[in-house]
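Inside the fold
The chain contents come next:
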Amino acid sequence: MAKLKSIAFAVGIMLLIGAVLCLYFSLRNLSSIRPASAYEDMGVHTFVPEEVYPVQRENHATGRQKRNYPTTTVYIVRYRAEDGSGYQYKYESGSVESTAQNILETGEPIERRVLSIPDEDGYITIGADETAQTYETRQKRTYWTIAGVSAAYLLVWLAVNGLLLYKRRKAGETE
């Protein structure tokens with residue numbers, strides 16, 4: 001029973017650290033979200049797959065898998081706008097080369113909305129059915145959800161540990 005308690009405590013501490021980090025980064029990212037007015041809608045463009053190439057990424061596995069394979073290969077499918085505007089879209093197909101190669105071979109076009117970022121002389125692409133407003137809303141919802149779950153865990157952890165500390169002190173007073 002004591003071993004189970006120590007394992008539970010260690011897991012709780014690891015989750016606590018994770019919750020604090022998630023809360024910090026989600027709040028930081030929330031403050032860096034551009035308002036919808038910072039984008040200029042360049043319309044929906046049709047993109048066709050042009051090239052597949054491998055990229056080495058850090059392996060996010062844990063334990064032995066990460067030690068033996070510190071990097072993993074993912075395959076990027078690069079799309080170009082059919083209209084010659086020069087817009088590109090990159091899709092990360094994961095670690096299976098055949099999936100990316102299949103996308104290239106079928107040549108299936110996709111539609112993406114291009115949002116220009118005039119302040120940075122750049123652009124992003126989003127789903128054709130999205131707008132700058134829905135993109136901003138989706139980003140905010142994602143980061144607020146992460147912050148909320150993290151804050152909830154912190155509150156639960158504090159409440160449980162506060163209660164346990166209170167019970168220990170109470171038990172110490174009655175002896």
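About the criteria used
Residues numbered from 1 in each chain as written. Predicted model: local features only at pLDDT ≥ 70, side-chain atom pairs only at ≥ 80, totals over all residues. Heavy atoms only, no water. Patch = residues over 30% accessible without salt bridge, like charges linked within 9 Å, V, L, I, M, F, W, Y side chains within 5 Å. Areas by Shrake-Rupley, 256 points an atom, 1.4 Å probe, with all protein chains shown as cover. Salt bridge = Lys/Arg side-chain N within 4 Å of Asp/Glu carboxyl O. Buried < 20%, exposed > 50% of the residue type's maximum accessible area, 1.4 Å probe, protein only. Phe/Tyr/Trp six-rings, centres within 6.5 Å; stacked < 30°, edge-to-face > 60°. Helix = DSSP H or I, 4+ residues; strand = E, 2+ residues; numbered from the N terminus. Lys, Arg positive; Asp, Glu negative; His and termini not counted. Polar contact = N/O pair within 3.5 Å; in protein donor to acceptor, adjacent residues only side chain to side chain. Contact = heavy atoms within 4.5 Å. Pairing = 2+ DSSP bridges. Axes fitted to C-alpha atoms, helices over the stretch in contact; angles between N-to-C directions.

A cluster of nonpolar side chains, I7, V11, M14 and L15, forms an exposed patch at the surface whose accessible area comes to about 370 Å². A relative accessible area of 56% places M14 in the exposed class.

In this section: the packing of aromatic side chains. Tallying each qualifying case throughout the model produces five aromatic pairs. Between Y24 and F25 the ring centres are 5.0 Å apart and the planes differ by 75 degrees, which places this aromatic pair in the edge-to-face class. Of the residues examined, F25 reaches a relative accessible area of 35% and is grouped as partly exposed.

Inspection of the secondary structure assignment puts R112 in strand β4 (residues 110-117). Here R112 occupies a buried position and makes no salt bridge, while the nearest side chain of opposite charge, E130, is found at 6.2 Å. Reaching out from R112, the side chain makes a polar contact with the backbone oxygen of T125 at a distance of 2.9 Å. Once residues within four sequence positions are removed from consideration, R112 is found in contact with G43, V44, H45, F47, Y89, T125, I126, G127 and A128.

Next up on the list: the sheet that holds strand β3 (residues 88-92). Here five strands make up an open sheet; going across it, the order is β3-β2-β1-β4-β5 and the pairing antiparallel. Strands with a single pairing partner mark the edges of an open sheet, and in this sheet they are β3 and β5 (122-127). Neighbour-to-neighbour, the strand axes of this sheet turn through a mean angle of 45 degrees, independent of strand direction. In terms of strand pairing, strand β2 (residues 71-81) meets β3 through five bridges, oriented antiparallel. Bridge assignment links R78 to a residue of β3, and that residue is K90. Contacts from helix α3 (residues 97-106) reach β1 (40-58), β2 and β3, with the element oriented near 145 degrees to β1.

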